[in-house]
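Geometric and topological summary
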Amino acid sequence: MNIKKLALVGLLATGSANATVISYTGTFDTDDTRFYTTFGVSTDSTVTMTSLGYAGGTNSEGTSILDGGFDSQLFLFDSTGALVEQDDDDSSITSASSGNSWDAYISRFLTAGTYTAVLTQYNSDYQSGDLVTGTWTEAGVTNFMDVQGNQRTNAYAFDIDGDYLTDVDGFDTDPNSVPEPASLVLLGLGLAGFGISRRKKA
């Protein structure tokens, strides 16, 4: 069972931008599970998305994430399902256990509207159809190993932040997934206070 933990980290004073940061952590049941975050942007602004599972680090909630999660990638789609951006590897964080920088990062200026971010394991790519029920390629690895044969875990960590985020909701493709009750309460309280270039790995 996949458990997501969601935290609203920062709200600025009334009259200022909302400065919302939400942190998700959890596990994938299979190599081909996908984690989705839908959100709105109320005003043209920059939204940043970061995975922290592969190399670990400290997420925006202040939680220490262990090195060892799977090799992730991020996709960002607009309301029509068109790909806006995708990222596979960001060089800013390196895994101490493998020496690789295989977490994903997207920072993008977005026009007001609704969007969907998708976190997958490396080499599971969107092909066609509905983003949830449509066709995605298989990750092509077994038991969360990376492409160099390093054994990894099924853990992920994912942050999304922006000054004008609204209606943020996270879910995955495993129908047995159950969010933590405390996470749902935090999300409800937080929303009440508001009005991916690809490269081949060696």
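Since the model is a prediction, treat every value here as computed from it, not as a measurement.

Quick notes on the nonpolar core
In this structure, Tyr 24, Phe 39, Val 47, Met 49, Leu 76, Phe 158 and Ile 160 are the most contacted members of the largest nonpolar core, which totals 23 residues. Among the elements of the structure, strand E2 (20-27), strand E3 (35-41), strand E4 (45-51), strand E7 (72-78), strand E9 (105-110), strand E10 (113-121), strand E13 (155-162) and strand E14 (165-172) are those that each provide at least two residues to this core. Setting aside residues up to four positions removed in sequence, Val 47 forms contacts with Phe 39, Val 41, Ile 106, Ser 107, Arg 108, Leu 110, Ile 160, Asp 161 and Leu 165. One finds Phe 75, Phe 77, Leu 131 and Trp 136 within the second-largest nonpolar core, a separate group that totals 6 residues.

Remarks on the pairing of E13
Buried residues dominate E13, accounting for 6 of its 8 residues. Note: E2 against E13, 8 bridges, orientation antiparallel. Across the sheet, the residue bridging to Val 21 is Asp 161, located in E13. For E4 and E13, the ladder comprises 5 bridges, and the chain directions are antiparallel. Considered in E13, the bridge of Met 49 is made with Ile 160.

Quick look at the side chain of Ser 124
Tracing the chain through its elements places Ser 124 in the loop between E10 and strand E11 (126-128). Classification of Ser 124 as buried rests on a relative accessible area of 1%. At 2.9 Å, the side chain of Ser 124 and the backbone oxygen of Thr 137 are in polar contact.

Some words on the sheet that holds E10
The strand order across the open sheet built from 5 strands is E8-E7-E10-E3-E14, with neighbouring strands paired in antiparallel fashion. Every interior strand has two partners, whereas the edge strands, strand E8 (83-87) and E14, have only one. Between one strand and the next, the sheet's axes are offset by a mean angle of 15°, whatever the strand orientation. Sheet topology note: the E7/E8 ladder contains 4 bridges and is antiparallel. Bridging from a neighbouring strand, Phe 75 pairs with Gln 86 of E8.

Topic: the environment of Thr 33
Within the secondary structure layout, Thr 33 lies in the loop between E2 and E3. Sequence separation between Thr 33 and Glu 138 is 105 residues; the distance between their C-alpha atoms is 9.5 Å.

Structural notes on the side chain of Arg 34
In this fold, Arg 34 is placed in the loop between E2 and E3. From its side chain, Arg 34 meets the backbone oxygen of Val 132 in a polar contact 3.0 Å long. Look past the residues within four positions of Arg 34 in its chain and what remains in contact with it is Phe 28, Val 118, Leu 119, Thr 120, Leu 131, Val 132, Trp 136, Phe 171, Asp 172 and Thr 173.

Focus: the packing of aromatic side chains
In total, this model carries 15 aromatic pairs according to the counting rule given. Ring centres 6.1 Å apart and planes at 15° place the aromatic pair Tyr 24 and Phe 158 in the stacked group. You can see Tyr 24 sitting in strand E2 and its partner Phe 158 sitting in strand E13, a full 134 residues away along the chain. Comparing Tyr 24 with Phe 158, the two get one shared label, buried. Between the aromatic rings of Tyr 54 and Trp 102, the centroid separation amounts to 5.7 Å while the plane-to-plane angle is 40°, which identifies the pairing as tilted.

How each quantity is defined
Residues numbered from 1 in each chain as written. Predicted model: local features only at pLDDT ≥ 70, side-chain atom pairs only at ≥ 80, totals over all residues. Heavy atoms only, no water. Core = buried A, V, L, I, M, F, W, Y, C linked by side-chain atoms within 4.5 Å. Buried < 20%, exposed > 50% of the residue type's maximum accessible area, 1.4 Å probe, protein only. Helix = DSSP H or I, 4+ residues; strand = E, 2+ residues; numbered from the N terminus. Contact = heavy atoms within 4.5 Å. Pairing = 2+ DSSP bridges. Polar contact = N/O pair within 3.5 Å; in protein donor to acceptor, adjacent residues only side chain to side chain. Axes fitted to C-alpha atoms, helices over the stretch in contact; angles between N-to-C directions. Phe/Tyr/Trp six-rings, centres within 6.5 Å; stacked < 30°, edge-to-face > 60°.

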